[in-house]
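Structure at a glance
Here's the letter readout for the chains.
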Amino acid sequence: MRTQSVTDLIQERKDSLSPTEQRIADYILKNTSQVVHFTVKDLAGASDVSEATVIRMCQHIGFTGFWPLRTALTAEVAKYQLEAERKAAPGGDAALDILGEFASMIENLKRNLNYDEVNAVVELIKQSDTVHLIAAGNTTPLIEHMGFRLGRLGVRNTFSGVDSYFLNQINLAGENDLVLAVSQSGASKSVIDGAALAKSKNLKIAAITAYKSSALAALSDHVIICKGDYSRFDIYVTYNHLAEMASIELLMALLERSEAVQKRVEKMNTLNLEIISDVKQ
């Protein structure tokens, strides 16, 4: 197991590198916090070398390629940042550790989201007559929050974690309605039953889940894959719904910026003011 830091390793072996490889090494040492967000192409361009040279440099200092080096470098940068935060906030070690984990989850989400799918779901919501939000168990509060937010944006919706209720709503749904299911595992039986019923009625189905190979994802037309820990591929039990909540907030923020939704909200507010004015008179 490697115990030496990446930057120390680069410093130690820099003299044995070719002149072009040394240029890459110098760039990494001077711009470490930026390099952790780079691709091979980005680093090659910034160092004015070929991508193949970047790969060779990584191999010469002990890594199989750029991605293993970047992963190790990212962990070190995060560690140093956390240590600096701890010094600035003595006594808050545990809280800072947890917030660091949360920040890592959001960063993972940012890097791994399929933004075409996100935008497609936003368009489906905008074009639907009614959005039927379905979930089960401890995921239910997420769709309750989402239902409230959609209502404030003038988007007609139903939401429930009770299968008998949402199955009835889906059964009564119109052809231009959307079913949006939220399930971290994508394996909740009642949610899958709801998606299957929607499929039988030829309704559009969108899903927010952590697993693209899940039964829910297979039934859905569009899937937003959101996961806090992308190093794992197994279905693991967690009560942390930060990634799903962040995905929902992203959808809401994109809807809020939509010109059509802004006009709808403005019309609603004008109507509400007129009603209030009439009542006061």
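Structure shown above.
This write-up is about the structure you can find in this document. Note that the structure is predicted; figures quoted are calculated from it, not measured. (Residues numbered from 1 in each chain as written. Predicted model: local features only at pLDDT ≥ 70, side-chain atom pairs only at ≥ 80, totals over all residues. Heavy atoms only, no water.)

**Focus on the layout of surface pockets**
- Quantified by volume, the largest pocket comes out at close to 800 Å³.
- Lining the largest pocket are 24 residues, with T74, A78, G100, S104 and E107 sitting closest to its centre.
- Broken down by secondary-structure element, the contributors of at least two residues to the lining of the largest pocket are α6 (66–88) and α7 (93–112).
- Of the residues forming the lining of the largest pocket, the biggest block, 11 residues, is contributed by α6.
- Among the residues forming the lining of the largest pocket, the class breakdown is nine nonpolar, eight polar and seven charged. (1 Å grid on protein atoms, 1.4 Å probe; cavity = no way out; pocket = protein on both sides within 12 Å on 5 of 7 lines; lining within 4 Å. Points joined across faces, edges and corners; volume = space filled by probe spheres on them. Helix = DSSP H or I, 4+ residues; strand = E, 2+ residues; numbered from the N terminus. Nonpolar A, V, L, I, M, F, W, Y, C, P; charged D, E, K, R; others polar.)

**Concerning the environment of I61**
- When you line up the elements, I61 lands in the loop between α5 (51–60) and α6.
- Note on I61: relative accessible area 0%, which makes it buried.
- For the pair formed by I61 and L17, sequence separation is 44 residues and the distance between their alpha carbons is 8.5 Å.
- Setting aside anything within four residues of it in sequence, one finds I61 in contact with L9, I10, R13, L17 and L69. (Buried < 20%, exposed > 50% of the residue type's maximum accessible area, 1.4 Å probe, protein only. Contact = heavy atoms within 4.5 Å.)

**Description of helix α10 (residues 163–171)**
- Those residues of α10 that sit buried are F166, Q169 and I170. End-on view of α10: buried residues confined to an arc of 100°, all on one side of the axis. (Arc of directions from axis to C-beta.)

**Details of the pairing of strand β2 (residues 157–160)**
- As judged from the four bridges shared by strand β1 (residues 131–134) and β2, these two strands associate in the parallel manner. Opposite I134, over in β2, you have S160 as the bridge partner.
- Handedness of the β-α-β unit built from β1, helix α9 (residues 140–152) and β2 comes out right-handed. (Pairing = 2+ DSSP bridges. Right-handed = clockwise from strand over helix to strand, strands pointing away.)

**A look at unusual backbone geometry**
- In the Ramachandran plot, D48 falls in the positive-phi region, its phi being about 60° despite a non-glycine side chain.
- Along the chain, the position of D48 falls in the loop between α4 (40–47) and α5.
- What makes D48 exposed here is its relative accessible area of 61%.

**Considerations on the packing of aromatic side chains**
- According to the stated counting rule, one finds two aromatic pairs in the structure shown.
- Taken together, a centroid distance of 6.2 Å and an interplanar angle of 25° make the contact between Y27 and F38 stacked. In this pair, Y27 sits in helix α2 (residues 19–30) while F38 sits in the loop between α3 (32–35) and α4, placing the two residues 11 residues apart along the sequence. (Phe/Tyr/Trp six-rings, centres within 6.5 Å; stacked < 30°, edge-to-face > 60°.)

**Comments concerning a nonpolar patch on the surface**
- A contiguous nonpolar patch, built from I98, L99 and F102 and spanning about 260 Å² of accessible area, is present on the exposed surface.
- Considering the arrangement of structural elements, one finds F102 in helix α7. (Patch = residues over 30% accessible without salt bridge, like charges linked within 9 Å, V, L, I, M, F, W, Y side chains within 5 Å. Areas by Shrake-Rupley, 256 points an atom, 1.4 Å probe, with all protein chains shown as cover. Salt bridge = Lys/Arg side-chain N within 4 Å of Asp/Glu carboxyl O.)

**Here's the deal with the pattern of salt bridges**
- Counted under the stated rule, the structure contains six salt bridges.
- Of the charged contacts in the structure, one is a salt bridge between E107 and R111, with a shortest N-O distance of 3.7 Å. With a gap of four residues between them, E107 and R111 both fall in helix α7, about one helical turn apart.
- Residue D193 is joined to K189 by a salt bridge in which the shortest nitrogen-to-oxygen separation is 2.9 Å. Residue D193 and its partner K189 are both found in helix α11 (residues 189–200); the two are separated by four residues, about one turn of the helix.
- Taking relative accessible area as the criterion, D193 reaches 32% and is therefore assigned partly exposed.
- Using a relative accessible area of 62% as the deciding quantity, one classes K189 as exposed.
- Several salt bridges share partner residues, and in doing so they unite R149, E249 and E256 into one network.

**So, the sheet that holds strand β3 (residues 178–182)**
- Spatially, β2-β1-β3-β4-β5 is the arrangement adopted by the five strands of the open sheet, whose pairing is parallel. Strand pairing shows two members of the sheet lacking a second neighbour, β2 and β5 (222–225), which therefore form its edges. Between one strand axis and the next, the sheet turns through 15° on average, direction left out of account.
- Where α10 meets the sheet, its contacts fall on β1, β2 and β3, and the angle it forms with β2 comes to roughly 155°. (Axes fitted to C-alpha atoms, helices over the stretch in contact; angles between N-to-C directions.)

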